[in-house]
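# Structural overview
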Amino acid sequence: MAGGTDFYPALGERLPQGTVVDITALREIRGIAVETDYFRIGGLTTWTEVIRTPLPLCFDALKAAAREIGSVQIQNRGTVAGNLCNASPAADGVPPLLALDALVELTSKAAVRRVPLGQFIAGNRRTVRRPDEILSAVLVPRTMDRAASAFVKLGARRYLVISISTVAALVARDQSGRVQTARVAVGSCSVSALRLYDLESALVGLPAQPGIGKAVSEDHLSVLSPIGDVRATADYRRDASLTLVRRALEACVGSS
Ligand SMILES: Cc1cc2nc3c(=O)[nH]c(=O)nc-3n(C[C@H](O)[C@H](O)[C@H](O)COP(=O)(O)OP(=O)(O)OC[C@H]3O[C@@H](n4cnc5c(N)ncnc54)[C@H](O)[C@@H]3O)c2cc1C
């Protein structure tokens with residue numbers, strides 16, 4: 001258990017069964033450090049620390065997601081790692097970190113291994129973390145520092161809400177002002193958040209300027225498999241996601 005903000009609500013009225021390991025005293029894995037090749041987001045880093053740490057432009061999407069996670073109280077306790085390990089389809093931290101090509105570092109007594117975030121989350125509330133491992137860090141490659149990024153979240157109300165759809169986008173431009181790299185990830189519309197690789201390829205070479213959203217078509221979102229539930233119908237999720245993808249891309253190119 002880290003912040004406990006997923007752990008306790010999941011218990012409902014029940015008391016915890018078995019042994020609970022509280023890792024909150026492990027100061028060594030708290031906070032964000034800059035290494036030669038990676039930004040290291042320690043496994044106990046809270047959302048508030050993400051918001052307060054000065055970071056390059058490419059982290060704007062992650063910071064925007066952090067500001068929308070629950071309330072300030074939840075952001076003070078809840079950790080990035082907890083959000084990833086809980087592996088909810090609606091976890092707001094996942095799309096921005098997928099767009100950053102993040103890896104997770106898993107540490108056990110025996111070994112340390114790194115797994116790309118897209119492979120770490122294996123399904124709805126399932127990860128490839130083994131019982132003897134803790135998520136000791138999220139590693140973000142230092143390849144996109146100057147790329148613009150944006151996060152947009154749709155819920156039934158503005159704050160303290162489980163997402164209907166979320167989109168994170170990242171756009172790096174070349175010297176002529178065209179898209180050099182684009183990354184787009186959508187959350188809450190499949191068992192786990194997904195990158196839209198076909199769209200990303202289609203955007204490369206386009207002018208990185210307002211109007212870029214027109215390049216996004218319904219076909220680009222065909223990899224998503226939204227469900228209908230109490231929050232929204234599947235059709236609504238799909239339709240809303242198209243709009244959110246366009247808005248996230250527009251936000252990236254309008255911001256510099
Ligand atoms: C009122 C409320 C509002 C919320 N709003 C949002 C929201 O808007 N968006 C959103 O995405 N989430 C939201 N959440 C969910 C939650 O706050 C986040 O997912 C948070 O980031 C979880 O982090 P935590 O440290 O509290 O995790 P915990 O509850 O401590 O742990 C969650 C799970 O991850 C495991 N775990 C935690 N850390 C590690 C680690 N380092 N290594 C291995 N396993 C670990 C635990 O064993 C547990 O299974 C909300 C929760 C509440 C109560």
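The structure we're discussing is the one just above.
Residues numbered from 1 in each chain as written. Predicted model: local features only at pLDDT ≥ 70, side-chain atom pairs only at ≥ 80, totals over all residues. Heavy atoms only, no water.

### Remarks on the pattern of salt bridges
In the structure shown here, the tally under the stated rule is 13 salt bridges. Linking glutamate 49 and arginine 30 is a salt bridge whose minimum nitrogen-to-oxygen distance equals 3.4 Å. Of this pair, glutamate 49 sits in helix H2 (residues 47-52) while arginine 30 sits in the loop between helix H1 (7-11) and strand E1 (32-34), and the two are 19 residues apart along the sequence. Between aspartate 145 and arginine 142 there is a salt bridge, with the nearest N and O atoms lying 3.6 Å from each other. One salt-bridge network, held together by shared partners, links Asp101, Arg183, Arg195 and Glu200. (Salt bridge = Lys/Arg side-chain N within 4 Å of Asp/Glu carboxyl O. Helix = DSSP H or I, 4+ residues; strand = E, 2+ residues; numbered from the N terminus.)

### A look at the packing of aromatic side chains
Going through the model one piece at a time under the given rule, you end up with two aromatic pairs. Each ring, one from phenylalanine 7 and one from tyrosine 8, has its centre 5.2 Å from the other, and the planes form 80°; the classification is edge-to-face. For tyrosine 8, a relative accessible area of 47% corresponds to the partly exposed category. Measuring from centroid to centroid gives 4.9 Å for phenylalanine 39 and phenylalanine 59, while their planes differ by 80°, and the two rings are edge-to-face. Placement of the pair is phenylalanine 39 in strand E2 (residues 38-42) and phenylalanine 59 in the loop between H2 and helix H3 (60-67), with a sequence separation of 20 residues. As far as burial versus exposure is concerned, phenylalanine 39 and phenylalanine 59 are alike and both buried. The ring of phenylalanine 39 has arginine 142 sitting right over it, with the charged end atom 5.2 Å from the ring centre. (Phe/Tyr/Trp six-rings, centres within 6.5 Å; stacked < 30°, edge-to-face > 60°. Buried < 20%, exposed > 50% of the residue type's maximum accessible area, 1.4 Å probe, protein only. Lys NZ or Arg CZ within 6 Å of the ring centre and 35° of its normal.)

### Observations regarding the side chain of lysine 153
With respect to the helices and strands, the residue lysine 153 is situated in strand E8 (residues 148-154). We classify lysine 153 as buried; its relative accessible area is 14%. Reaching out from lysine 153, the side chain makes a polar contact with the backbone oxygen of glutamate 68 at a distance of 3.1 Å. A distance of 3.0 Å separates the side chain of lysine 153 from the backbone oxygen of valine 161, its partner in a polar contact. Contact partners of lysine 153, with chain neighbours within four places excluded, come to Glu68, Asp92, Val161, Ser163, Ser165 and Thr166. (Polar contact = N/O pair within 3.5 Å; in protein donor to acceptor, adjacent residues only side chain to side chain. Contact = heavy atoms within 4.5 Å.)

### Examining the sheet that holds strand E11 (residues 194-195)
As summarised here, the arrangement of the four strands in space is E8-E9-E10-E11, forming an open sheet in which the pairing is antiparallel. Looking at strand neighbours, the two that pair on one side only are E8 and E11, the edges of this open sheet. Relative to strand E9 (residues 165-173), E8 runs antiparallel, the two sharing seven bridges. Within the sheet, the bridge partner assigned to alanine 148 lies in E9 and is valine 171. (Pairing = 2+ DSSP bridges.)

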